[in-house]
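Report on the structure
Residue-level listing of the chains:
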Amino acid sequence: VVAIIVTLIGIVLYLEMNSFQLSPAYPSYPNADINEKYIYQIIKDNILMSMPSIENEDESNFANYEILSIEKKSKNHYYVYAWIVESKYSYINGELNEESGSSYPCRYELEEDDRVFTIVGKDIPRDGDYYKDDIDSYFPVYLREKIFNSQENGLVKDLSEGVEEEAKSYFENK
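The sections below set out a description of the structure shown in this document. (Residues numbered from 1 in each chain as written. Predicted model: local features only at pLDDT ≥ 70, side-chain atom pairs only at ≥ 80, totals over all residues. Heavy atoms only, no water.)

1. Thoughts on the pairing of strand 4 (residues 116–123)
What counts is decided by this rule: Here, strands pair whenever DSSP counts at least two bridges between them. Numbering of helices and strands runs from the N terminus, with a helix taken as a DSSP run of H or I at least four residues long and a strand as a DSSP run of E at least two residues long.
Here strand 3 (residues 95–113) pairs with strand 4 via seven bridges, running antiparallel. Directly across from Tyr108, in strand 4, lies its bridge partner Lys122. Remark: two residues form the turn of the hairpin made by strand 3 and strand 4, two consecutive strands paired antiparallel; Asp114 in that turn has positive phi of roughly 55 degrees.

2. Section: the packing of aromatic side chains
To keep it simple, the criterion reads: Here is the rule: rings of Phe, Tyr and Trp (six-membered ring for Trp) pair when centre to centre is within 6.5 Å. Planes less than 30 degrees apart are stacked, more than 60 are edge-to-face, and the remainder are tilted. For each residue, the accessible area found with a 1.4 Å probe, counting protein chains only, is set against the maximum for its type, and the residue is called buried under 20%, exposed over 50%, and partly exposed in between. The rule is short: NZ of Lys or CZ of Arg within 6 Å of the ring centre and within 35 degrees of the ring normal puts a charge over the ring.
Going through the model one piece at a time under the given rule, you end up with ten aromatic pairs. An angle of 20 degrees between the planes, with centres 5.3 Å apart, marks the rings of Tyr40 and Tyr65 as stacked. Separated by 25 residues along the polypeptide, Tyr40 in helix 2 (residues 40–50) and Tyr65 in strand 1 (residues 59–74) bring together distant segments of the chain. Judged by its relative accessible area of 33%, Tyr40 falls in the partly exposed class. Judged by its relative accessible area of 7%, Tyr65 falls in the buried class. By the ring-pair criterion, three or more aromatic residues cluster together here, those being Phe62, Tyr89, Tyr91, Tyr170 and Phe171. Stacked on the ring of Tyr79, the Lys or Arg Arg107 has its end atom at 4.3 Å from the ring centre. If you follow Arg126 out to its NZ or CZ, it ends over the ring of Tyr130, 4.2 Å from the centre.

3. A look at helix 2
Stated precisely, the cut-off is as follows: Arc definition: it is the arc formed by the directions from the helix axis to the C-beta atoms. Here, residues are in contact when the closest pair of their heavy atoms is within 4.5 Å.
Every buried residue belonging to helix 2 is among Ile43, Lys44, Asn46 and Ile47, and all of these are buried. The buried side chains of helix 2 occupy one side of the element, clustering within an arc of 155 degrees when seen end-on. Those residues of helix 2 that are buried are in contact with strand 1, strand 2 (77–92), strand 3, strand 4 and helix 5 (155–172).

Pasting the structure below:
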């Protein structure tokens, strides 16, 4: 009887662990080793093109991001998981001002053809009640804690400081 109970507990634990790892909300893909120089600029350009347009010459958009992980979805398809910080700055009378900004995780789907990468998809979690469900749908389990703690772990602060430095340099050298 004890052996049957122990066996049943073992089976339940095994099924629980495997259902967690193989969640239908997010399949597991192997990590990919891609040199980030091949994808850095296309992702940055995509972020900047997605931002609201600039209204005058004293304003400009800036963005910074960190790749959290890259996974190989299939032969020539990859998921790039990133945390993005984007801001619009103005520079009036020698004073730098952040006019607007946002910070969010993003999943890019890239297609590769002879080391040339093209963005073929982009998923950004929705705000509010949908945020957690979208994180669970778009991001692997091993990244979720980093995403949910992005303020506390300094990720947003570091990326924001990089955006501000880029804005200062841009306007001072303009």
